[in-house]
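So the chains spell out like this:
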Amino acid sequence: MGLIARSGYLILREWKMAGSWLMEIMLGKRWRGLRECGGMPSYRVNVLRNPPRRRDICSGLTGRLEVSIVAESYLHIGEGAQKSLVEIDEEGLKGLKGAPSLREVRRYVRFIAGVVPFNKVSGKPAIPGGTVKGNIRTRLELSFRSKNGVVRSCLLIASRPLDRPNPPRTSGWRHQRIWSHAIGEDRRACNFIAERKVCLLCDLFGSAGLSSLINFSDFLLTDGANRMEIVDLPYGMRLEAAKPGSVFTGIIEFRNLALEELGLLFLGMGLRGGRISDQVLMGRLKYHNVQTLGGKVFGRIRYRLNELALSRLSTESMKLDGWEIRPGGSLADEGRLDVLVKDLVDRSLKKFEGEIMLVDEVRVIDQLPRA
Ligand SMILES: [Zn+2]
């Protein structure tokens, strides 16, 4: 018992030291020292795990969000393999009369070799629901930090423990610089099948053997034609990317949530003061700053909440300043959505006070040294 208490004390003491160390890394002060001494240990914290809530009954908030992802830079979502693309000038082809020769047809068909295509659903550019979910869940996993040695979330998808910081110019180092406060912690993933207990985020977003309470549709390009561009980048990289200004829209369904958990989902989208989020990062090349990409910026988006609807099955309603969304009702008014988002986010920050560290990931990237 004495030994356990003693080692617990040691872990706590080391953790305190690590905390200030990590803060300095965040501030960029210790980077050189770390590289020279060749790494740092990861710190074990206890992940708070409980049996997940029941999935077979309706209890709490159930409904859906219509959400748009607005690209404010180039955006690339794709598998990574290069392919040859065929670009067809449909209007030109329709204008051909009679039985055109192959040479005439070829004038309106362009082959582009060696391009990494944008993800498609039924031939249309789309961000897969799994990508959106991963983007939001990762942000939440990495925003939770330990309080008194206990943390609300495992790192299921965010990262393995950080044994050794990646030096600049290797893949992953920007990710580590943004999120170093969390990935220095040893927060092994929950194992629901073996333990029947999970952390809060595994309860909300699912885990192996446990269904998700928050589900994401694919997000389809909604604002029409000519949004895709073949972008040639340094080192011969060619990407089919969505141009700045492109809008993708999809549905997020939720069930059996508490108000502050819906607020947590909003925080994961980068929503803080209203229905339009902070600028956040998504997709390929998001960690590169503009100098490394020949003047092009990639991966900066905003989430925008267009509508919130509660299912008739919802056992809770939402009440705010003289108005209410009842089960079966919906809200699309922009001003009221702003108020609603802020209220739920504030509830969440209050409920998880001292446990959430909001990081302005775009600002951190812009302040990193060039690579
Ligand atoms: Zn977990």
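A brief report on the enclosed structure follows. (Residues numbered from 1 in each chain as written. Predicted model: local features only at pLDDT ≥ 70, side-chain atom pairs only at ≥ 80, totals over all residues. Heavy atoms only, no water.)

## Thoughts on the overall build of the protein
So, step 1. A tally of helices and strands in the protein yields 11 helices and 19 strands.
So, step 2. Buried positions account for 46% of the 371 residues belonging to the protein.
So, step 3. In the protein, 75% of the contacts between residues at least 6 apart in sequence involve partners at least 24 apart.
So, step 4. Approximately 18900 Å² of the protein is accessible, and the part contributed by carbon and sulfur atoms is 50%. (Helix = DSSP H or I, 4+ residues; strand = E, 2+ residues; numbered from the N terminus. Buried < 20%, exposed > 50% of the residue type's maximum accessible area, 1.4 Å probe, protein only. Contact = heavy atoms within 4.5 Å. Areas by Shrake-Rupley, 256 points an atom, 1.4 Å probe, with all protein chains shown as cover.)

## Notes on helix α5 (residues 129-143)
So, step 1. If you check α5, its first and last C-alpha atoms are 21 Å apart, about what 15 residues at 1.5 Å a residue would give, namely 21 Å.
So, step 2. Along α5, 12 of the 15 residues are buried, which leaves the element largely enclosed by surrounding structure.
So, step 3. Residues Gly129, Val132, Gly134, Asn135, Ile136, Arg137, Thr138, Arg139, Leu140, Glu141, Leu142 and Ser143 constitute the buried set of α5. (Expected span 1.5 Å × (residues − 1).)

## Side note on the packing of helix α9 (residues 259-268) against helix α10 (residues 334-351)
So, step 1. The interhelical angle for the contact between α9 and α10, taken along N-to-C directions, is 100 degrees, at an axis separation of 7 Å. As far as their axial angle goes, α10 and α9 are roughly perpendicular. Facing α9, whose interface residues are Leu259, Glu260, Leu262, Gly263, Leu264, Phe266 and Leu267, α10 presents Val341, Leu344, Val345, Arg347, Ser348, Leu349 and Lys351.
So, step 2. Among the residues making up the contact of α9 with α10, the classes are represented as 9 nonpolar, 2 polar and 3 charged. (Axes fitted to C-alpha atoms, helices over the stretch in contact; angles between N-to-C directions. Parallel < 35°, antiparallel > 145°, perpendicular 65-115°, else oblique. Nonpolar A, V, L, I, M, F, W, Y, C, P; charged D, E, K, R; others polar.)

## A closer look at the coordination of the zinc ion
So, step 1. Summarising the metal site, the zinc ion is bound by the protein donors Cys154 (SG), Cys190 (SG), Cys199 (SG) and Cys202 (SG), whose distances to it range over 2.3 Å.
So, step 2. Classification of the site at the zinc ion rests on its 4 donor atoms, whose angles at the metal span 107 to 112 degrees, yielding the label tetrahedral. (Donors = N, O, S within 2.8 Å, 3.2 Å for Na, K, Ca; no water. Tetrahedral: all angles 85-135°; square planar, octahedral: opposite > 155°, others 65-115°.)

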